[in-house]
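# A structural walkthrough
Okay, here's what each chain looks like letter by letter:
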Amino acid sequence: MVDRPSRPSAISPTAAGPQPQVDVSDDKVTARLPTGESVEVLLHGATVISWKSGSKGNTENLWLSEAAVLDGSKPVRGGVPVVFPVFGPPPKSGHATSSLPQHGFARNSRWEYLGKSSTESTGDNTSENSIKLDFGLYSSALSDTFRKAWPYDFGVVYSVTLGKDSLQTMMNVRNEGKEGFEFQVLLHTYLRVKDISKCQITGLAGTTYTDKVLDAKDHSSTSPSLSITGEVDRVYKSIKQSTTSVQEDGKSRFDVVRDNLEDTVVWNPWIEKAKGMGDFKPDDGYKNMLCVEVGAVDGWQKLEGGESWEGGQIMKSLL
Ligand SMILES: O=P(O)(O)OC[C@H]1O[C@@H](O)[C@H](O)[C@@H](O)[C@@H]1O
């Protein structure tokens, strides 16, 4: 477990200073800090589709396809889709998730907005806000098809916390039934980069990964950093380091810190695969995105009736 964001030195809910703003519409929730940072979350899939930080909140940190479908008819290509309760194509048969679509139903279901909470931390002559948005998905709200395919009683609360230069996304999964169930979870983050050819990923050395492009077999990562020079689809498993970092042009760009999650998928479809996806635009958008997807996808998490599990990430924009 990594440390949660440090506790504010003083919390003053009635502070007189400017407060974060939250707008709730039929299909999305938008939050903005007084300093300009913002986050947009679509209720479809509780998909974060924009996270802006930097000076006056001018820097978009997430890649969203120009052809992303945002009307709820399919998963969003970009942002941070939530993958649950199965990662990738489900096991062909013999597992409770076998009849689910690729990456499960969470990114394909409408979530409920549960509300917000904000904190203001004050230091010497400084004051910093953060805002947490909570979203819920329950078995009772699933479509009949998904409920039939995965007939367990569950509740998931997904919390998205916007800080000055960070975005924390945490999943809390509860088994609300009597029967135990197994699940996988993954936060399929599409980071926005200026030029993939100038990016390096560190924090994965000494890890075993499955290379889904090469041979679907296990390999050992010995090199201290990874550059993307073609299609990549790797599942890094049981990673020792808690932080995966992205450098661009020799400068630190992102830190992705895992919390109670041991695995990370690194994905870029590159030229041909990008062209083959109808909702991936522009065709050369693969140059501006890098998926660093934290998760628990090697094997299964098991929850007995009444138990719950929590895991997630803190992403830091280091501009
Ligand atoms: O097209 P989808 O279902 O959103 O999946 C995108 C990619 O998601 C990644 O997590 C997988 O490792 C890839 O194999 C997959 O191609």
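Residues numbered from 1 in each chain as written. Predicted model: local features only at pLDDT ≥ 70, side-chain atom pairs only at ≥ 80, totals over all residues. Heavy atoms only, no water.

The helix and strand tally for the protein stands at two helices and 22 strands. Taking 20 Å as the expected radius of gyration for a compact globule of 319 residues, we find that the protein reaches 19 Å, a close match to that expectation. Over its C-alpha atoms, taken along the principal directions, the protein stretches across nearly 60 × 50 × 35 Å. Buried residues in the protein amount to 52% of all 319 residues. Sequence separation of at least 24 residues holds for 66% of the intrachain contacts in the protein that already meet a minimum separation of 6. When the accessible surface of the protein is totalled, it reaches about 14400 Å², and 46% of it is carbon and sulfur. Computing the positive centroid from 35 side-chain charges and the negative centroid from 41, the protein places the two 2 Å apart. (Helix = DSSP H or I, 4+ residues; strand = E, 2+ residues; numbered from the N terminus. Rg over C-alpha atoms; globule rule 2.2 N^0.38 Å. Buried < 20%, exposed > 50% of the residue type's maximum accessible area, 1.4 Å probe, protein only. Contact = heavy atoms within 4.5 Å. Areas by Shrake-Rupley, 256 points an atom, 1.4 Å probe, with all protein chains shown as cover. Lys, Arg positive; Asp, Glu negative; His and termini not counted. Charge placed at Lys NZ, Arg CZ, Asp CG, Glu CD.)

So, on to the pairing of strand β22 (residues 308–317). Burial runs high along β22: seven of the 10 residues are buried. Relative to β22, strand β10 (residues 166–175) runs antiparallel, the two being bridged by nine bridges. Looking at β22, one finds that R174 is bridged to S308. Of the strand pairs in this sheet, strand β19 (residues 251–259) and β22 are connected by six bridges, and their pairing is antiparallel. Across the sheet, the residue bridging to R258 is Q313, located in β22. (Pairing = 2+ DSSP bridges.)

As a further point, take the environment of T30. Mapped onto the secondary structure, T30 falls in strand β2 (residues 28–32). Owing to a relative accessible area of 14%, T30 belongs among the buried residues under this scheme. Measuring from C-alpha to C-alpha, the distance between T30 and V48 comes to 9.7 Å, with 18 residues separating the pair along the chain. Excluding residues within four positions of it along the chain, T30 makes contact with Q21, V22, D23, V39 and E40.

Attention now goes to the environment of L142. Considering the arrangement of structural elements, one finds L142 in the loop between β8 (126–138) and α1 (144–149). When its relative accessible area of 7% is taken as the criterion, L142 is described as buried. Taking the C-alpha atoms as reference points, L142 and S220, separated by 78 residues in sequence, lie 39 Å from one another. Those residues in contact with L142 that lie beyond four places of it in its chain are F105, S109, L137, R147 and F154.

Another aspect to go through is the confidence of the model for the protein. Across the protein, the average pLDDT comes to 94, with 95% of residues at or above 70. Of the regions scoring below 50 in pLDDT, residues 1–14 engages in 24 contacts with residues more than four places distant in sequence or in other chains. Complex prediction metrics read pTM 0.94 and ipTM 0.99. (pLDDT = per-residue confidence, 0-100.)

Taken together, R77, F87, Q102, H103, R107, H188, K212, D233, V265, W267 and E293 make up all the residues around the ligand. At 3.2 Å from an oxygen atom of the ligand is found a side-chain nitrogen or oxygen belonging to H103. When the ligand is considered free in solution it has 390 Å² of accessible area, and contact with the protein chains removes 82% of it. Among the cavities detected, the one that contains the ligand is the second largest pocket. Among the residues making up the shell around the ligand, the classes are represented as three nonpolar, three polar and five charged. (Near = heavy atom within 4 Å. Polar contact = N/O pair within 3.5 Å; in protein donor to acceptor, adjacent residues only side chain to side chain. 1 Å grid on protein atoms, 1.4 Å probe; cavity = no way out; pocket = protein on both sides within 12 Å on 5 of 7 lines; lining within 4 Å. Sits in = over half its atoms within 2 Å of the grid points. Nonpolar A, V, L, I, M, F, W, Y, C, P; charged D, E, K, R; others polar.)

A few words now on the sheet that holds strand β3 (residues 38–42). Overall, antiparallel pairing links the five strands, which are arranged β1-β2-β3-β4-β5 in an open sheet. Since the sheet does not close on itself, it has two edges, and those belong to β1 (21–24) and β5 (59–60), each with one partner. One ladder, built from five bridges, connects β3 with strand β4 (residues 47–53); its direction is antiparallel. Paired with L42 across the two strands is T47, which belongs to β4.

To continue, consider the state of the cysteines. With the rule as written, the count across this model stands at zero disulfides. The thiol sulfur of C199 is not disulfide-bonded, and the nearest other cysteine sulfur, from C291, lies at 12 Å. What makes C291 buried here is its relative accessible area of 0%. (Disulfide = S-S within 2.5 Å.)

Turning to the pattern of salt bridges, a few remarks are in order. Scanning all chains against the criterion turns up 13 salt bridges. Of the charged contacts in the structure, one is a salt bridge between R234 and D211, with a shortest N-O distance of 3.6 Å. Here the residue R234 occupies a position in strand β17 (residues 232–237), and D211 occupies one in strand β14 (residues 207–211), the gap between them amounting to 23 residues. A salt bridge links K281 to D283; the shortest N-O distance between them is 3.4 Å. By relative accessible area, K281 is classed as partly exposed at 33%. Because the salt bridges share partners, they merge into one network encompassing K74, R77 and D279. (Salt bridge = Lys/Arg side-chain N within 4 Å of Asp/Glu carboxyl O.)

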